[in-house]
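Below are the chains, spelled out letter by letter.
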Amino acid sequence: MGNDDLAIKDLETAIKLYGNSPEASQAYFQRGKIRCNQGCTDLSLIDYNKAIQLDPTFAEPYVERGSIHDSKGQFDLAMADYNKALQLKPNLPRAHNGRGWIYHQQRLFEQAIAEYTTAIRIDPKYATAYCNRGFAYEEIGEYDLAIADDTKALELDPDLNNEIYRSRALAYFHKSKY
């Protein structure tokens, strides 16, 4: 039995002990995160929904559920979850980053950059937000800014995303071309 399986087993015990009290929402949330990391997004959604049902003021499950909706192309549902999370807890960098990614996919790059920037202001070590903002800057032809953000993201997390190397290379290429 691996660590994830042991963690899920303990969380299931906690869920049984807590019953339907608001305290059980943390256990459902944690189990949902583990299941999501295992690629079981449908089971994760069930856990996040239950966490929200038990404690509607718990912001983080909205962010995680929004991320799953986003990955399925359900942008309206994702945005609603990110907005709810931020209504409950305004300084959640992942919620701002998630909203930015939705704007990005809709090619609303200025709005995306504003959300990524907010995420970075809240958490200056949030490599994914630098990465995403760098992608957005590349899209609008701001190659120096793209290079700076891509470089910062790699400094913070060298294993972040293979795509960031391609992005930075293209920014260097376009910068030298114009």
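### Looking at the state of the cysteines
Okay, so step 1: All chains considered together, the criterion is met by zero disulfides.
Okay, so step 2: Of the cysteine sulfurs around Cys40, a residue in no disulfide, the closest is that of Cys36, at 9.0 Å.
Okay, so step 3: Left without a disulfide partner, Cys131 is nearest to the cysteine sulfur of Cys36, which lies 18 Å away.

### Side note on the environment of Asn132
Okay, so step 1: Note on placement: Asn132 falls in helix H8 (residues 127–139).
Okay, so step 2: Residue contacts for Asn132: discarding those within four places in its chain leaves Asn97, Trp101, His104 and Tyr116.

### Focus: helix H2 (residues 24–37)
Okay, so step 1: Given a rise of 1.5 Å per residue, 14 residues ought to cover 20 Å, and the 20 Å separating the end C-alpha atoms of H2 matches this to within 8%.
Okay, so step 2: Those residues of H2 that sit buried are Ala24, Ser25, Ala27, Tyr28, Phe29, Arg31, Gly32, Ile34 and Arg35.
Okay, so step 3: Two residues or fewer past H2, Gly39 is found with a positive phi of approximately 90°.

### Regarding the environment of Ala153
Okay, so step 1: Relative to the assigned elements, Ala153 resides in helix H9 (residues 143–156).
Okay, so step 2: Residues Ala153 and Ser67, 86 residues apart in the sequence, show an inter-C-alpha distance of 20 Å.
Okay, so step 3: Not counting residues within four places of it along the chain, the set of residues in contact with Ala153 comprises Ala127, Tyr130, Cys131, Leu160 and Ile164.

How each quantity is defined
Residues numbered from 1 in each chain as written. Predicted model: local features only at pLDDT ≥ 70, side-chain atom pairs only at ≥ 80, totals over all residues. Heavy atoms only, no water. Disulfide = S-S within 2.5 Å. Helix = DSSP H or I, 4+ residues; strand = E, 2+ residues; numbered from the N terminus. Contact = heavy atoms within 4.5 Å. Expected span 1.5 Å × (residues − 1). Buried < 20%, exposed > 50% of the residue type's maximum accessible area, 1.4 Å probe, protein only.

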